[in-house]
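Structural description and commentary
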Amino acid sequence: VQLVESGGGLVQPGGSLRLSCAASGFAFSRYDMNWYRQAPGKGRELVAAITSAGGSTNYADSVKGQFTISRDNAKNTVYLQMNSLKSEDTAVYYCNAEHSWPPPRVVYWGQGAQVTVSS
C-alpha cells in the first residue's frame, strides 16, 4: 500500500498550489479520502474530506472557500487545490485513506508534503 503526495513547495502569500496523492495497493474507489495538515508545534488537523464516490466533500472552517478537494478514481488520485495561500497555511500536508464500513476500519497515511507560504 502506498500513498504518495506531490506538489508541495514554497509559494508566496496569495499564491496557489495543487497537491496530488497517488494511491496504489488497495481499492482506492472504496475509500474515503482526506487531507490533513500539521503546522510546526501544532497537532494534526483535518483540512478536507471527500467520500469514496466523490459525491460529498467537507472542509475545515479555516479553509472553506479557499481549498478544494477532488478525486479521480480512474487515476487512483486525490487532489487538494489551495488558493489564496497565507502564512498560516504553512504545514506538512498528509493524504489519508479511510474505509469504515463494513468493518474492519482501515486507515492508510502518506508520508507528507511540505507546503511553505512565505515571501
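Before reading on, note that the structure itself is shown above.
A quick note: this is a predicted structure, and the numbers were derived from the prediction, not measured. (Residues numbered from 1 in each chain as written. Predicted model: local features only at pLDDT ≥ 70, side-chain atom pairs only at ≥ 80, totals over all residues. Heavy atoms only, no water.)

The next subject is the overall build of the protein. Of the regular secondary structure elements, the protein holds zero helices and eleven strands. Ordered by position in the sequence, the α and β elements of the protein form the string β-β-β-β-β-β-β-β-β-β-β. Its C-alpha atoms give the protein a radius of gyration of 14 Å, within 12% of the compact-globule value 14 Å for 119 residues. Relative to its 119 residues, the protein shows a buried fraction of 41%. Partitioning the intrachain contacts of the protein with sequence separation of at least 6 by distance along the chain shows that 52% fall at a separation of at least 24. Element-wise, carbon and sulfur atoms account for 48% of the exposed surface of the protein, whose accessible area totals about 6,200 Å². (Helix = DSSP H or I, 4+ residues; strand = E, 2+ residues; numbered from the N terminus. Rg over C-alpha atoms; globule rule 2.2 N^0.38 Å. Buried < 20%, exposed > 50% of the residue type's maximum accessible area, 1.4 Å probe, protein only. Contact = heavy atoms within 4.5 Å. Areas by Shrake-Rupley, 256 points an atom, 1.4 Å probe, with all protein chains shown as cover.)

Under the defined criterion, the tally for this structure stands at four salt bridges. The shortest N-O distance in the salt bridge between E45 and R37 comes to 2.9 Å. Using a relative accessible area of 7% as the deciding quantity, one classes R37 as buried. The salt bridge partner of K64 is D61, with a shortest N-O separation of 3.2 Å. For D61, a relative accessible area of 66% translates into the label exposed. Sharing partners across several salt bridges, the network here consists of R37, E45 and D89. (Salt bridge = Lys/Arg side-chain N within 4 Å of Asp/Glu carboxyl O.)

Before going further, it helps to spend a moment on unusual backbone geometry. With an omega of 0°, the peptide bond between W101 and P102 qualifies as cis. Take P102: it is sitting in the loop between β9 (91-99) and β10 (106-109). Look at the link from P103 to P104: it is a cis peptide, with omega at 10°. Mapped onto the secondary structure, P104 falls in the loop between β9 and β10. Non-glycine residue N76 carries a positive phi angle of around 55°. One can find N76 in the loop between β7 (67-72) and β8 (77-82). Phi is positive for S84, which is not a glycine, with a value near 50°. Relative to the elements of secondary structure, S84 occurs in the loop between β8 and β9.

None of the figures reported here should be taken as evidence of function without further support.
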